[in-house]
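The lines below spell out each chain.
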Amino acid sequence: MSLHPSTFEYLKPRQGQLDVMAEMRSATTEYAGLVDQALDEGPDKTYILRRIREIAMWINVALTRLPDGTPR
């Protein structure tokens, strides 16, 4: 499988995508807060919170690109 030529380039989100990104960011922030309150400090908690952050970033990618990497 070849990557789309714009795979590593910035794609400016359209307004509708920005709105969904804001909703997803809010939901992800709320979930991360629940995890932060529920778990004791330590490497497992740090790992989980970092993965939640990573998921938030991948949501943005999924909103702006099709599965083959082409822009939406």
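Quick notes on the rules
- Residues numbered from 1 in each chain as written.
- Predicted model: local features only at pLDDT ≥ 70, side-chain atom pairs only at ≥ 80, totals over all residues.
- Heavy atoms only, no water.
- Helix = DSSP H or I, 4+ residues; strand = E, 2+ residues; numbered from the N terminus.
- Expected span 1.5 Å × (residues − 1).
- Buried < 20%, exposed > 50% of the residue type's maximum accessible area, 1.4 Å probe, protein only.
- Arc of directions from axis to C-beta.
- Contact = heavy atoms within 4.5 Å.
- Phe/Tyr/Trp six-rings, centres within 6.5 Å; stacked < 30°, edge-to-face > 60°.
- Lys NZ or Arg CZ within 6 Å of the ring centre and 35° of its normal.

A. View of helix α2 (residues 43-64). For α2, which comprises 22 residues, the first-to-last C-alpha distance of 32 Å matches the rise-based estimate of 32 Å (1.5 Å per residue) to within 8%. Residues of α2 that are buried include every one of Lys45, Ile52 and Thr64, and no others. Buried residues in α2, looked at end-on, bunch into an arc of 125 degrees, giving them a common side. Summarising the geometry of α2, the exposed residues directed more than 90 degrees from the buried face are Pro43, Asp44, Arg50 and Trp58. The inward-facing, buried residues of α2 contact α1 (15-38).

B. Inspection of the packing of aromatic side chains at higher detail. Enumeration over the complete set of coordinates arrives at zero aromatic pairs. In this arrangement the basic side chain of Arg51 is found over the ring face of Tyr47, its NZ or CZ atom lying 4.7 Å from the centre.

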